[in-house]
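What the coordinates show
Take a look at the letters that make up each chain.
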Amino acid sequence: MTTRTALPHAEPPRPGGRVREVTLYRLTDVEANEQDMRAVFDEAGTARRQLDLRTTRIDGMLAVVLYGMRGGERPPDWQADATRTTAVDLDLRKTSPVAAVLIAVDDRVYAFSYGGGHHLIPRDLRDPEFGRTFAACALDPATVATVNTRDMDTVNRYGSTHIPRGQAVRTFGLRHERDLVNRLKAKCGLNELTAARGGEKARFAECGDGIRTHLGVDQADLVNDIRFIAATVKDGQVREEMRFLEDRKEVRSPEKVEALWSLVEDGLRDPESVGLAIAPPLDVFDQLDDARSFRVRIGPATCPLRTELREEDLVARLRHLKEGTLAQALKSGWIKLFEDADGRREIATHRNLCYWIDATVSPGSEMYVLRDGRWYEYGPRYLEEVGREVADLLARGSSLDLPDWPDLLAYRRDKESPEGAYNRRVGETQPGYLCLDKNLARTEVHSGNGVELCDLLGPGNELVHVKQASSAAGLSHLFNQAKSAVESLHYERQAREWFAEAVARIDPERDLTGFQPRTVVFALRLAKHTDVTVDNLYPLAQVELYRTAVALRRCGIAVEVVTIRHRS
């Protein structure tokens, strides 16, 4: 274990007392006075939710406690159906007791909770460096049991590795340029904490934006534990093996952050150009499993009740915001989760929707991603890897050789797009190619507009996706479309059956019953270039192509790129 010097106010260690596992947060932008601390909880809102707010003292320290029965007393959403099925008059009303506590210790405000009270602590007030710095300084790198990551490569992708007894952190194979470590669990090396006094074995601590560990229950023990933790964070003595936690290249310049949000706003006219996606925070997944409907407020308007969260609905709302207000509208927005489809029984309200979206932007040759409400810059090693992978893909080329793209295409109908005219021409003139452009498969997952499984089916049943592009936006859409198509064909029987029937209608001799894709081909025509190279392929498109190739490779699918040349 490690012994550290605590703050001057910390008391000498004494025999261990009763402890309880809680998550401790340090709050930012909250002054250590009653008015500011009570304001954290929005007193009018807590009254509406029938929660009580009290000011108290914990070992002489100012504290504010919010507590009550969240949502009141109510039956579960399945009670009526269970009563109808069993013919038994079931009375299963339930309550959700919660408590959240703010405490001012040495001019800093900390928060912890009981039950589901952590959802009452505003996410945007939690200091993101608090738990990460404590982990880097106090956790034993030889006993790491859990690592949770956010993938910079892929939107809305979380990773989690568990080793119950713990191992050295180097065995987890972290990719420091691409993985944002947002939670880490290992044994805590502070023997001054109440839980470790009296010779007790070291306890595990799980660190993210907060620190989940065993803290003293008695008031004096709790305050002393907070002081020792604060001292560890203040000292900042990072263990060498944990320095990877310092690798996060978060953008801290307010001017740069504002510029990045402006790029997102500009990209809303073509949302694929910013890789926009809904990505709920990890700690609300349990609530999402129970949610049957949602209501969202962004800016001055509240969106209609929805039974699913869809990117297109989000983008449609964001497009109506006044110019220059996107970041603030998301920050002041909220989402309500309901356990019934009619939006009557609320599970929770979550504020600050910046934490609910992922985005990627590319100003010039630089790349930035929005993850967990904060902007991060891609490291140079990652971009070099992207360049190598894309160069290799382009050098390998494809087994397919598509005809040139005439500058003047013959359109069959008024609304036929250039891609549509080209695909139709290939299907009519090239042996073995079938044109499936604009044929949308509707499945349980893609029940709305459907999903386009490919533009062309090649002679060897390659899925060919065709795009004429003058910017990264169109190519990003193409790559995401290909991933959706492959996932549908892999995991949805309905999609495979639809695809086999669509092919059979065009070519009855081609039987694709039970078809699984083996090769995806991207056929690209750049508006200003005859050939596609690393030098002229848009930076954001390169990253999206790399992401797609990595994702499809995990499914055992080869990715090829073929250039469609111009012909005057």
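Preceding this paragraph is the structure being described.
Conventions we followed
Residues numbered from 1 in each chain as written. Predicted model: local features only at pLDDT ≥ 70, side-chain atom pairs only at ≥ 80, totals over all residues. Heavy atoms only, no water. Salt bridge = Lys/Arg side-chain N within 4 Å of Asp/Glu carboxyl O. Helix = DSSP H or I, 4+ residues; strand = E, 2+ residues; numbered from the N terminus. Pairing = 2+ DSSP bridges. Contact = heavy atoms within 4.5 Å. Axes fitted to C-alpha atoms, helices over the stretch in contact; angles between N-to-C directions. Patch = residues over 30% accessible without salt bridge, like charges linked within 9 Å, V, L, I, M, F, W, Y side chains within 5 Å. Areas by Shrake-Rupley, 256 points an atom, 1.4 Å probe, with all protein chains shown as cover. Lys, Arg positive; Asp, Glu negative; His and termini not counted. Charge placed at Lys NZ, Arg CZ, Asp CG, Glu CD. Buried < 20%, exposed > 50% of the residue type's maximum accessible area, 1.4 Å probe, protein only. Expected span 1.5 Å × (residues − 1). Parallel < 35°, antiparallel > 145°, perpendicular 65-115°, else oblique. Nonpolar A, V, L, I, M, F, W, Y, C, P; charged D, E, K, R; others polar.

1. A look at the pattern of salt bridges
In total, this model carries 19 salt bridges according to the counting rule given. Two residues, R306 and D313, come together in a salt bridge whose shortest N-O distance is 3.8 Å. For R424, the salt bridge goes to E428, with nearest N and O atoms at 3.6 Å. Separated by four residues within a single helix, R424 and E428 lie in helix 11 (residues 418-429), roughly one turn from each other.

2. With respect to the sheet that holds strand 11 (residues 277-278)
Adjacent strands of a sheet pair through backbone hydrogen bonds, lying either parallel or antiparallel. One open sheet accounts for four strands, arranged 11-16-17-18; its pairing is antiparallel. The sheet terminates laterally at strand 11 and strand 18 (374-377), the two strands that pair on one side only. Here three bridges tie strand 16 (residues 357-361) to strand 17 (residues 368-371), and the two strands are oriented antiparallel to one another. Among the inter-strand pairings, A359 is bridged to a residue of strand 17, identified as L370. Sheet contacts for helix 6 (residues 254-267): strand 16, strand 17 and strand 18; angle to strand 16, the most-contacted strand, approximately 95 degrees.

3. Focus: the pairing of strand 5 (residues 108-115)
Where strand 1 (residues 19-26) and strand 5 come together, two bridges link them in antiparallel fashion. Residue pairing in the sheet places R26 in a bridge with Y110 of strand 5. Counting the residues between successive antiparallel strands, the hairpin from strand 4 (residues 97-105) to strand 5 contains two residues, one of them, D106, with a positive phi of roughly 55 degrees.

4. Looking at the environment of V390
Considering the arrangement of structural elements, one finds V390 in helix 10 (residues 380-396). Taking the C-alpha atoms as reference points, V390 and V534, separated by 144 residues in sequence, lie 6.9 Å from one another.

5. Section: the sheet that holds strand 24 (residues 463-469)
Taken in spatial order, the five strands of this open sheet run 20-23-24-25-26, and their pairing is mixed. Edge positions in the open sheet fall to strand 20 (434-435) and strand 26 (558-563), since each of these has one partner strand only. Relative to strand 26, strand 25 (residues 519-526) runs parallel, the two being bridged by six bridges. Its bridge partner being in strand 26, V520 is matched across the sheet by V559. Relative to the sheet, helix 11 contacts strand 20, strand 23 (456-457) and strand 24, its axis offset from that of strand 24 by approximately 140 degrees.

6. Describing a negative patch on the surface
Together, D77, D81, D286, D289 and D290 give the surface a local cluster of negative charge. Considering each element in turn, the negative patch owes the most residues, three residues, to helix 7 (residues 285-290). Positionally, D289 belongs in helix 7. Residue class for D289 comes out exposed when judged on its relative accessible area of 58%.

7. Examining unusual backbone geometry
Non-glycine residue D106 carries a positive phi angle of around 55 degrees. Looking at the secondary structure, you find D106 in the loop between strand 4 and strand 5. We classify D106 as partly exposed; its relative accessible area is 26%. In this structure, D372 is a non-glycine residue whose phi angle is positive, near 55 degrees. Tracing the sequence through the fold places D372 in the loop between strand 17 and strand 18.

8. Points about the environment of A495
Note on placement: A495 falls in helix 13 (residues 493-506). A C-alpha to C-alpha distance of 6.3 Å links A495 and T443, two positions 52 residues apart in sequence. In this structure, A495 is in contact with T443, L453, S488 and L489, ignoring residues within four places of it in sequence.

9. Description of the side chain of T519
As for its placement among the helices and strands, T519 is situated in strand 25. Residue T519 is classed as buried on the basis of its relative accessible area, which comes to 17%. Apart from the residues lying within four places of it in its own chain, the contact partners of T519 are E462, L463, I557, A558 and E560.

10. Regarding helix 11
For helix 11, which comprises 12 residues, the first-to-last C-alpha distance of 17 Å matches the rise-based estimate of 16 Å (1.5 Å per residue) to within 8%. Every buried residue belonging to helix 11 is among E419, G420, A421, Y422, N423, R424 and V426, and all of these are buried.

11. What to know about the packing of helix 4 (residues 128-138) against helix 5 (residues 219-235)
Where helix 4 meets helix 5, the axes come as close as 9 Å, and the angle between the chain directions of the two elements is 80 degrees. By the angle between their axes, helix 4 is roughly perpendicular relative to helix 5. Facing helix 4, whose interface residues are F130, T133, F134, C137 and A138, helix 5 presents I229, T232 and V233. For the contact of helix 4 with helix 5, the class distribution of residues is six nonpolar, two polar and no charged.

Keep in mind these values describe shape, not function.
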